[in-house]
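Next come the chains, spelled out residue by residue.
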Amino acid sequence: LFKAKLPGVRTFTTAHLCASHADWRTPVSPCTGPSAPTPGPVPVQDPAYIKSLNIDLACPILDWVKPDNVSYCEEQGLEMWMYTSLEPYAPFLNFRFDNLLWQSRLLFWQMAQLRLTGFLYWNLNAWQTTVTSAPVDLTTLTTPFLDPAAWSPMNGDSPKDVGDGKLTYASTTGPLSSIRLHSVRDGIEDFGYLALVKQRYGDAAVQELIAPLSDATNLQNHIEGTQADLLLWQQIRLKAATMIAAAA
């Protein structure tokens, strides 16, 4: 419908579409193809069916991303993104308050690991009306911490809403970035680094860099954030920078 009325507009879906199942919450039959995944509790994306609906790309939520299915969809010419929201919960990576700060940065390394071309996040300032939300006067702050009574991440749609969609605050001079948003920015910059490595050395070089940090077959398996883990990550990023500079 959109393509008929607005030629050139690209479309995407966050639904999990496989022509072989009626209820997207139930196990489904595998899509056809030499590397198609086996049935399981997480629906698989059917790239042929999705493209038949005039949809240009699929964007499943992170905890419903099946790495083998993503690879299959990409092989069939379907562009793949992913998104996070209130879910997923640990040990998946996310931007929630109960995620460790470095996890929002590593999330973009997993994007590169899956060869995704985009990421969707639904909001930056989804503060509810029950929150005081008085603009922060930066001239009066004596600590880097905001009043939790005025800016509680728990004020939301459910007790599990821990900072979902809340990456900025209001100040008397304009939007105020959270430290989590700074970490997201670092992750996006890292994604750019990895894109340059891929451009110069190929995807295999990118996969080799990321492998010590994240399991390509199970996104819940990743570094734990120990001092040794973070030092290793720093060294890998430095290696990526050195590779980029050497090929410039």
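Everything here concerns the structure above.
This text gives an overview of the structure that appears in the document. As the structure is a computational prediction, the values presented were derived from the model and not from experiment.

### A few points about the environment of phenylalanine 119
With respect to the element layout, phenylalanine 119 can be found in strand E4 (residues 118-121). Separated by 69 residues in the primary sequence, phenylalanine 119 and isoleucine 188 place their C-alpha atoms 10.0 Å from one another. Setting aside chain neighbours within four positions, we find phenylalanine 119 in contact with Trp81, Met82, Tyr83, Thr84, Phe95, Leu107, Phe108 and Met111.

### Some remarks on unusual backbone geometry
Between glutamate 87 and the following residue, proline 88, the backbone shows a cis peptide bond with an omega angle of 0°. Its place among the elements puts proline 88 in the loop between strand E3 (79-84) and helix H4 (101-113). Geometrically, the link from alanine 90 to proline 91 is a cis peptide bond, its omega value of 15° lying close to zero. For proline 91, the location among the structural elements is in the loop between E3 and H4. At asparagine 54, a residue that is not glycine, the phi angle is positive and equals roughly 65°. On the secondary structure map, asparagine 54 appears in the loop between helix H2 (47-52) and strand E2 (57-58). Residue asparagine 54 is classed as partly exposed on the basis of its relative accessible area of 43%. With a phi close to 65°, arginine 115 is a non-glycine residue in the positive phi region. Counting through the fold element by element, arginine 115 comes out in the loop between H4 and E4.

### Focus on the pattern of salt bridges
Under the defined criterion, the tally for this structure stands at 8 salt bridges. Across the pair lysine 198 and aspartate 203 runs a salt bridge whose closest N-O atoms are separated by 3.9 Å. Using a relative accessible area of 38% as the deciding quantity, one classes lysine 198 as partly exposed. The network of salt bridges with shared partners includes Arg105, Arg185, Asp186, Asp190 and Arg237.

### Topic: the packing of aromatic side chains
Note on aromatic pairs: each is described by the distance of the centres and the angle between the planes. Under the definition given, this model contains 8 aromatic pairs. Residues phenylalanine 95 and phenylalanine 119 carry aromatic rings whose centres are separated by 5.6 Å and whose planes lie at 55° to one another, so their mutual orientation is tilted. Of this pair, phenylalanine 95 sits in the loop between E3 and H4 while phenylalanine 119 sits in strand E4, placing them 24 residues apart in sequence. Like phenylalanine 95, the residue phenylalanine 119 is buried in the burial classification. Each member of the aromatic cluster is reached from another via a ring pair, and the members are Phe95, Phe108, Phe119 and Tyr121. Lying across the ring of tryptophan 233, arginine 105 places its NZ or CZ 5.9 Å from the centre. Directly above the aromatic system of phenylalanine 97 lies the positively charged group of arginine 180, at a separation of 4.1 Å from the ring centroid.

Cut-offs and rules
Residues numbered from 1 in each chain as written. Predicted model: local features only at pLDDT ≥ 70, side-chain atom pairs only at ≥ 80, totals over all residues. Heavy atoms only, no water. Helix = DSSP H or I, 4+ residues; strand = E, 2+ residues; numbered from the N terminus. Contact = heavy atoms within 4.5 Å. Buried < 20%, exposed > 50% of the residue type's maximum accessible area, 1.4 Å probe, protein only. Salt bridge = Lys/Arg side-chain N within 4 Å of Asp/Glu carboxyl O. Phe/Tyr/Trp six-rings, centres within 6.5 Å; stacked < 30°, edge-to-face > 60°. Lys NZ or Arg CZ within 6 Å of the ring centre and 35° of its normal.

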